[in-house]
Amino acid sequence: MAPPHPANPPPPLEGKLRRIAMMTSGGDAPGMNAAIRAVVRMALEKGCEAYCIYEGYEGLVQGGSFIRKFDWEQVRGWLSEGGTLIGTARCMAFYERPGRLTAAKNMVLNGIDALIICGGDGSLTGADKFRAEWPSLIKELVDTKQLTAEQIEPFKHLNIVGLVGSIDNDMSGTDATIGCFSALGRICELVDYIEATASSHSRAFVIEVMGRHCGWLALMAGVATGADFVFIPEKPRAENWREEMCSIHRKIGKRKTIVIVAEGAADQDGNKISPEMIKDLLADKDGLALDTRITTLGHVQRGGSACAYDRQLATLQGVEAVNAVLDATPETPTPFIAINENKITRKPLVQAVLDTKEVSKAIEARDFDRAMKLRDTEFSDMYNSYMTTTATQLNQSMKLPSRRHMRIAIIHVGAPAGGVNAATRAAVAYCFTRGHTPIAIHNGFAGLARHHDDQPVGAVREFDWLEVDGWASKGGSEIGMNRETPGESGMEHIASLFAKYKFDGLFIIGGFEAFQSLSQLRQAQEKYSSLCIPMTLLPATISNNVPGTEYSIGSDTCLNELVRYCDTIKQSASASRRRVFVIETQGGRSGYVATLAGLAVGAVAVYTPEEGISIAMLAADIAHLKKAFQQDSGQSRAGRLILINEKASKVYNAKLIADMIREEAHERFESRDSIPGHVQQGGTPSPMDRTRAVRLAIKCIEHLENYEDRSDATILKDPQTCTVIGIKGASVVFSPMKEVEEKETDWPNRRPKDEFWVELKHIVDILSGRPEVPRPESSLKGWKAKDRKRGLI
Ligand code: ADP
């Protein structure tokens, strides 16, 4: 039985502090628990009180035990749980004013003056209505004598912040919603499995995915898996889609056909396109007569633990939501927390809700151009990428005049990273579509330099589309990778080979060595005319340490692998005794991977090369662990994790730290070290790495195409002819190599000078409850404890 409502609301907290309640509403989505954990802990860290409302708006309307105060320990271990642990429900009562009136009363009676709601556009529409009505609701509560004027006095202004939790990614104004990348991951995993069987039996598969008004999942799955055909609500295929679909299969002579259909797919006249219709067409005996099967993915798309990205996104947005609550004044419009490329932002909720509704209206009115415009730029970019990569050899209208055709060399430099093959496939597809000749350089600069013409397989050869078409989801590097730089191979020799093969442009994919290679080539341009061609680098490395970008392809795959590894290890502890695991991550001299993985798994401490490790710091962390285990009465038996980057210290490594902890624990708890090693490169690349690889690779070749005039003078004069593509804040940019090399690169440490994620380290510490520990003397500026008070926190 629910306890009776308190008769009087508790007095407001001091000053600007608030009682902040967290709620999940609408459809559940992976990552919601990470958001709850972040909101609860950040609220407590700031001195506020934290509450959770169970079962969405239903709980707010019912009140009583549906509204519960939370403490720090209650959300322990929530990062790795799927769904939402505080429940969600559809609530009919909240659609009506009387329901919202009761909800308002329950808020006041519990003294709650801020509400953070994580849900889809429906839930946020409800939230917006609630806030707009708030003054009249509390007035009515007084008028009807349910509350007194005195009781409502501190609640005149309602603070609401929205977090978008939805697997569909259907909210305007944000590039990603909490849960969408986990769902996409699940879809791609299943499509990859289906592809194997389709190819074995030479079959066609029609796969239906979620998305009534939004084709994001279908489109992204199409890009990530290299599907042959995609149907989305926002952009129906051309009227002759039937002929087009049949011609793709016939012309290219593939063994398998994969078609992905969003639930809400329709043709240009608004008639639904069902998987059955597509199947009938593909299986038609007088047509392709393909053995065709339908698979509807259904609810598996929602399930499971959140991927690394959703955990980070939910955590950082949860932190930002609490900050937004504390910054709010009666004049601030209700915000929701968005992400644009790599930047977390606050945006007006009303506008986003309106824009989202506009998309549905535009689809209904069959104004598809408007529907596409209302989605974010990444969506239309992805759509164009998809069309480019599937129109290969079919769409003659995209070809450039022959005088503009280029011989574009593609080379992989460094160590394998997820998405390298997807990027290559996309670049090759784009080249074919435009009439360029894409040329593979096998095994990096070493392969090029040491190749002899009498070898059976050349180090330099033209790509063949049928071979490349199957690379969308492949890990590793299909053309071979090598760390050697052209300087090491011999620049004169390399320049002579560039002349011999008549390259008109160079596309490099790789990590820090690739960056170094491009820098050397650029500097040698003055000396060698054959090197005076446009060149661009797509950063690809698990370490994410390439200057000029905040994101390298492959880093997301690595984080997913690490998170999976850490979850498994943490689980293993629950079966035995209480344990601390010290896990060594890769990352070179950049603590990015360790820190971001720490954020996604809730590490009790993260050791990075930027900060270093000192004896005082270790002692403080060990003391904290001892205290934590002492106080832990065993509610959660899962282990605790410490992450240490491989180069965090020359002396203290994972094993030594684990031994020190064991020695100090005096058998009250245990410790173990663990090194995942090359597992971190990942098997199958993550959908984020694959889709971003496609989008960025196409942009790179488009960029090279701009340099029709490739005279030596132009190349030497224009800094944009030699660039690195990157995501910086909210934009995708081509940065001139010269500038990045000279201003942004910490050469001795092989990483960018200003690492954008520095502040995230403090958030990991705060959310895991790490106390203030002494920082080593060698810590970089920006890593000292006093900086905890900056920026995001
Ligand atoms: P989602 O948030 O995933 O889009 P729904 O559209 O089902 O899911 O919304 C979840 C809940 O939010 C609904 O059950 C209802 O309680 C509330 N809600 C949705 N739309 C509105 C609205 N227009 N007015 C008031 N409440 C709403």
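Residues numbered from 1 in each chain as written. Predicted model: local features only at pLDDT ≥ 70, side-chain atom pairs only at ≥ 80, totals over all residues. Heavy atoms only, no water.

The protein goes by ATP-dependent 6-phosphofructokinase in an unreviewed UniProt entry, where it is assigned to Lachnellula subtilissima. What UniProt records for the protein under Subunit (unreviewed entry) is the sentence "Homotetramer." What UniProt states about the protein under its Catalytic activity (unreviewed entry) heading is, verbatim, "beta-D-fructose 6-phosphate + ATP = beta-D-fructose 1,6-bisphosphate + ADP + H(+)". (UniProt positions renumbered as here; feature names shortened; annotations may be inferred.)

**Quick look at the UniProt feature "active site" (unreviewed entry) in the protein**
As recorded in UniProt, the feature "active site" (unreviewed entry) lies at Asp 168. Note on placement: Asp 168 falls in the loop between strand S5 (159–164) and helix H6 (180–201). Residues within four places of Asp 168 in sequence aside, it is in contact with Met 210, Gly 211, Cys 214, Trp 216 and Leu 217. (Helix = DSSP H or I, 4+ residues; strand = E, 2+ residues; numbered from the N terminus. Contact = heavy atoms within 4.5 Å.)

**Details of the packing of H6 against helix H7 (residues 216–225)**
The N-to-C vectors of H6 and H7 enclose an angle of 50°; their axes lie 10 Å apart at closest approach. When the interaxial angle is binned, H6 and H7 end up oblique. In this structure, H6 crosses over H7, and the sense of that crossing is right-handed. Contacts between H6 and H7 pair Cys 180, Phe 181, Ala 183, Leu 184, Ile 187, Cys 188, Val 191, Asp 192 and Glu 195 from the former with Trp 216, Leu 217, Met 220, Ala 221, Ala 224 and Thr 225 from the latter. Split into classes, the residues belonging to the contact of H6 with H7 amount to twelve nonpolar, one polar and two charged. (Axes fitted to C-alpha atoms, helices over the stretch in contact; angles between N-to-C directions. Parallel < 35°, antiparallel > 145°, perpendicular 65-115°, else oblique. Left-handed = near helix turned anticlockwise from the far one by under 90°. Nonpolar A, V, L, I, M, F, W, Y, C, P; charged D, E, K, R; others polar.)

**Notes on the environment of Ser 572**
Residue placement: Ser 572 occurs in helix H20 (residues 555–575). Placed 67 residues apart in sequence, Ser 572 and Gly 639 show a C-alpha to C-alpha distance of 7.8 Å.

**As for the packing of aromatic side chains**
Applying the stated criterion to the full structure yields 18 aromatic pairs. Three or more aromatic residues link up through ring pairs in this structure, and these residues are Tyr 57, Phe 94, Phe 130 and Trp 134. Lying across the ring of Tyr 54, Arg 68 places its NZ or CZ 3.9 Å from the centre. Taking the ring centre of Phe 229 as reference, the NZ or CZ of Arg 237 above it sits at 3.8 Å. (Phe/Tyr/Trp six-rings, centres within 6.5 Å; stacked < 30°, edge-to-face > 60°. Lys NZ or Arg CZ within 6 Å of the ring centre and 35° of its normal.)

**Comments concerning the domain arrangement of the protein**
Along its sequence, the protein is organised into domain 1 (19–177 + 306–360), domain 2 (181–301), domain 3 (395–553 + 685–747) and domain 4 (567–680 + 758–788). One C-alpha centre belongs to domain 1, the other to domain 3, and the line joining them spans 46 Å. Opposite the five residues of domain 1 that make contact, domain 3 presents nine residues. In total, domain 1 and domain 3 occlude about 560 Å² of area from one another, counting both sides; carbon and sulfur atoms represent 55% of this. Here domain 1 is connected to domain 3 by one salt bridge. As a salt-bridge pair, Glu 341 and Arg 695 come within 2.9 Å of each other at their nearest N and O atoms. Where domain 1 touches domain 3, the interface holds three residue pairs in polar contact (both at pLDDT 80 or more). Here the residues of the side of domain 1 that touches domain 3 are counted per class, giving one nonpolar, two polar and two charged. (Domains from an automatic or database assignment. Buried area = accessible area lost by both parts, 1.4 Å probe. Salt bridge = Lys/Arg side-chain N within 4 Å of Asp/Glu carboxyl O. Polar contact = N/O pair within 3.5 Å; in protein donor to acceptor, adjacent residues only side chain to side chain.)

**Examining the packing of helix H10 (residues 308–327) against helix H21 (residues 592–601)**
Axis separation between H10 and H21 bottoms out at 8 Å; the angle between their running directions is 75°. Taken together, the axis directions place H10 and H21 in an arrangement best described as roughly perpendicular. For the pair H10 and H21, contact is made by Ala 308, Arg 311, Gln 312, Thr 315 and Leu 316 and by Leu 596, Leu 599, Ala 600 and Val 601, respectively. Considered class by class, the residues forming the contact of H10 with H21 number six nonpolar, two polar and one charged.

**Some details on the site of the ligand**
Near the ligand lie 16 residues; those nearest to it are Arg 90, Cys 91, Gly 120, Gly 122 and Ser 123. In this structure, an oxygen atom belonging to the ligand sits 2.7 Å away from a main-chain N or O atom of Cys 91. At six residues, helix H4 (residues 121–143) tops the list of elements feeding residues into the shell around the ligand. Broken down by class, the residue content of the shell around the ligand amounts to four nonpolar, eight polar and four charged. (Near = heavy atom within 4 Å.)

**Examining the side chain of Ser 473**
By the element assignment, Ser 473 lies in the loop between helix H16 (465–468) and helix H17 (486–489). By relative accessible area, Ser 473 is classed as buried at 14%. Here Ser 473 is in contact with Asp 192, Glu 195, Ala 224, Thr 684, Pro 685 and Arg 690, once residues within four sequence places are set aside. (Buried < 20%, exposed > 50% of the residue type's maximum accessible area, 1.4 Å probe, protein only.)

**Observations concerning the sheet that holds strand S7 (residues 229–231)**
Across the sheet, which stays open at both edges, the four strands sit in the order S7-S8-S6-S9 with parallel pairing between neighbours. A strand with exactly one partner marks an edge of an open sheet, and here the two such strands are S7 and strand S9 (292–296). Each neighbouring strand pair of the sheet contributes to a mean axis angle of 15°, computed without reference to strand direction. Relative to strand S8 (residues 257–262), S7 runs parallel, the two being bridged by three bridges. Looking across to S8, one finds that Phe 229 is bridged to Val 259. Its contacts with the sheet place H7 against strand S6 (204–209), S7 and S8, and it is angled at close to 160° to S8. (Pairing = 2+ DSSP bridges.)

**A closer look at the environment of Met 398**
Mapping Met 398 onto the fold places it in the loop between helix H13 (377–390) and strand S12 (407–413). Sequence spacing of Met 398 and Val 468 is 70 residues, and the spatial spacing of their C-alpha atoms is 20 Å. Sequence-distant contacts of Met 398, defined by excluding residues within four places in its chain, comprise Thr 388, Thr 433 and Arg 434.

**So, the UniProt feature "binding site: ATP" (unreviewed entry) in the protein**
Here, UniProt's "binding site: ATP" (unreviewed entry) annotation points to Gly 27, Arg 90, Cys 91, Gly 120, Asp 121, Gly 122 and Ser 123. Spanning 97 residues, the named residues nonetheless gather at one spot, since no C-alpha pair among them exceeds 14.4 Å. Checked against the element boundaries, Arg 90 lands in the loop between strand S3 (67–70) and helix H3 (97–109). Classification of Arg 90 by relative accessible area gives exposed; the value is 64%. Excluding its chain neighbours within four sequence positions, the residues that come into contact with Arg 90 are Gly 26, Gly 27 and Glu 58.

**Considerations on unusual backbone geometry**
You will see that Asn 544, though not glycine, has its phi angle at about 50°, which is positive. Mapped onto the fold, Asn 544 is located in the loop between strand S16 (535–539) and H20. According to the relative accessible area criterion, Asn 544 is buried, its value standing at 4%. Unusually for a residue other than glycine, Arg 750 sits at a positive phi of about 50°. With respect to the element layout, Arg 750 can be found in the loop between strand S23 (745–746) and strand S24 (751–752).

**Structural notes on H4**
In a regular helix each residue adds 1.5 Å, so 23 residues correspond to 33 Å; H4 covers 32 Å between its end C-alpha atoms and thus fits that length. Buried residues along H4 sit in contact with helix H2 (56–62), H3, strand S4 (114–119), helix H5 (149–152), S5 and helix H11 (349–364). Lys 145 sits one or two residues past H4 and shows a positive phi near 60°. (Expected span 1.5 Å × (residues − 1).)

**Observations regarding the sheet that holds S3**
If you walk across this open sheet you meet the seven strands as S3-S2-S1-S4-S5-S10-S11, and the pairing is mixed. Of all strands in the sheet, those with a lone pairing partner are S3 and strand S11 (343–348), marking the two edges. Averaged over all pairs of adjacent strands, the angle between strand axes in this sheet comes to 25°, irrespective of strand direction. With six bridges connecting them, S4 and S5 associate as parallel partners. The residue of S5 that forms the bridge with Gly 119 is Val 164. The sheet strands contacting H4 are S4 and S5, and the helix crosses S4 at an angle near 160°.

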